[in-house]
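As a plain string of letters, each chain reads:
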Amino acid sequence: MSYEVSNFNEEVIKRSYAIPVLVDFWAEWCGPCKMLGPVIETLAKQNENIWELVKVNTETNQDIARKYNIQGIPNVKLFMDGDVRDEFTGALSAPMIEQWLKKAIPSPHTAQIEEASELYDKGEVDQAREILRVVLDREPNNERAMVMFARFYLNENPSSCLEILKPIEPGSEYYDSAMALLTIAELYQCLEKPEILPDHPIKANYIQAISYLKEGNHPLALENFIEVIRVNREYADEGARRGCISIFGILGESHPTTRQYRRAFSNALYA
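Residues numbered from 1 in each chain as written. Predicted model: local features only at pLDDT ≥ 70, side-chain atom pairs only at ≥ 80, totals over all residues. Heavy atoms only, no water.

**Re the overall build of the protein**
- Within the protein, the secondary structure is distributed over 13 helices and four strands.
- For 271 residues, the compact-globule estimate of 2.2 N^0.38 gives 18 Å, and the protein exceeds it by more than 25% at 24 Å.
- Overall, the protein is about 75 × 40 × 30 Å in size when its C-alpha atoms are taken along their principal axes.
- Looking at the protein residue by residue over its 271 residues, the buried ones come to 45%.
- Relative to all contacts within the protein whose residues are 6 or more apart in sequence, the contacts with residues 24 or more apart total 59%.
- Of the roughly 14500 Å² that the protein leaves accessible, carbon and sulfur atoms contribute 47%.
- Each charge sign in the protein was given a centre, from 28 positive and 41 negative side chains, and these centres are 3 Å apart. (Helix = DSSP H or I, 4+ residues; strand = E, 2+ residues; numbered from the N terminus. Rg over C-alpha atoms; globule rule 2.2 N^0.38 Å. Buried < 20%, exposed > 50% of the residue type's maximum accessible area, 1.4 Å probe, protein only. Contact = heavy atoms within 4.5 Å. Areas by Shrake-Rupley, 256 points an atom, 1.4 Å probe, with all protein chains shown as cover. Lys, Arg positive; Asp, Glu negative; His and termini not counted. Charge placed at Lys NZ, Arg CZ, Asp CG, Glu CD.)

**Structural notes on the sheet that holds strand β4 (residues 83–89)**
- Taken in spatial order, the four strands line up as β2-β1-β3-β4 in an open sheet, and their pairing is mixed. Taken across any chain shown, the strands that pair with only one partner, and hence form the sheet edges, are β2 (52–57) and β4. The sheet shows a mean angle of 25° between the axes of neighbouring strands, direction not considered.
- Across six bridges, strand β3 (residues 75–80) lies against β4 in antiparallel orientation. Its bridge partner being in β4, Met80 is matched across the sheet by Asp83. (Pairing = 2+ DSSP bridges. Axes fitted to C-alpha atoms, helices over the stretch in contact; angles between N-to-C directions.)

**Section: the side chain of His109**
- Mapped onto the fold, His109 is located in the loop between α4 (94–104) and α5 (110–121).
- Side-chain polar atoms of His109 contact the side chain of Glu139, separated by 2.9 Å.
- Contact partners of His109, with chain neighbours within four places excluded, come to Val135, Arg138 and Glu139. (Polar contact = N/O pair within 3.5 Å; in protein donor to acceptor, adjacent residues only side chain to side chain.)

**Let's talk about the packing of helix α7 (residues 143–151) against helix α9 (residues 175–192)**
- Following both chains from N to C, one finds α7 and α9 inclined at 20°, their axes separated by 10 Å at the closest point. Here α7 is positioned roughly parallel relative to α9, judged by the angle of their axes. Classified by chirality, the crossing of α9 by α7 is left-handed. Of the residues in α9, those in contact with Val147, Ala150 and Arg151 of α7 are Ser177, Ala178 and Leu181. (Parallel < 35°, antiparallel > 145°, perpendicular 65-115°, else oblique. Left-handed = near helix turned anticlockwise from the far one by under 90°.)

**Details of helix α12 (residues 235–251)**
- With 17 residues, α12 extends 24 Å between its outermost C-alpha atoms, agreeing within 8% with the 24 Å of an ideal straight helix rising 1.5 Å per residue.
- Of all the bends in α12, the largest measures some 30° and sits at Arg242.
- Along α12, the residues that are buried comprise Tyr235, Ala236, Glu238, Gly239, Ala240, Gly243, Cys244, Ser246, Ile247, Phe248 and Leu251.
- Where the residues of α12 are buried, they touch α9, α10 (203–215), α11 (218–232) and α13 (256–270).
- Phi turns positive one or two residues past the end of α12, at Gly252, with a value near 95°. (Expected span 1.5 Å × (residues − 1). Bend = angle between axes of the 7 residues up to and from the residue.)

**Concerning the state of the cysteines**
- Following the criterion strictly, the structure yields one disulfide and no others.
- A sulfur-sulfur separation of 2.4 Å characterises the disulfide bridge that pairs Cys30 with Cys33. Its S-S torsion of about 80° marks the bond between Cys30 and Cys33 as right-handed, since a negative value means left-handed. The residues Cys30 and Cys33 share a single accessibility class, namely buried.
- Among the cysteines around Cys190, which has no disulfide bond, Cys161 carries the closest sulfur, lying 14 Å off.
- Relative accessible area serves as the criterion here: at 11%, Cys190 is assigned to the buried category.
- Free cysteine: Cys244, not disulfide-bonded; nearest cysteine sulfur from Cys190 at 15 Å. (Disulfide = S-S within 2.5 Å.)

Rendered as structure tokens:
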């Protein structure tokens, strides 16, 4: 399949009103361009319903290169609604390009995800779950949907939660949220097998904290986790510290419970 441009206005400017268009500015003499070309073409085939690729040889299309101020190649520009929305220069790896794309191109299912979020907040969990299931069927790599969907499995099946969040890697804007959920899922597994926890007088508080967390009683969970930190910060690989941070991460810094317990957490941690 040839991605070479034949009519820039039609294939890029006008087309970008219907679907995001990535334009790869390159040249035959450019070594890094030859490295990037196959990578971005493979990604284009994998994402054909999400964005399209057009390649512009800067030697044979110098007027276009000048118009878009191409000073170094390879240069990839993302066009949406007729304008350049984002870009990068250099031969990036496939994972780096994928992360860039996730941030640069809005999901076509944003409205559905927002609806699911509102339903979840209202307690209409089953409806929210079904909407997110459809979104992930259509866009399996949507990390925001992954994080929201994983929350449904925290209580009923922590192992499924771990599996759903596995693809989210450092560098993702949803990595911290995923790590918070993963920590909580791991803590819940301690309730199923309390014998794996070290013997210590504080063990009862630790298990109680996890129980309160699973019940959704975040204040009492934090109080017990903080008590564990005061007595033995290192207990269960600093599980109480990680538990507190995860609760704060799930609730958000502006939540009243976070504001109420953040200072006590810090005082216990650095006492």
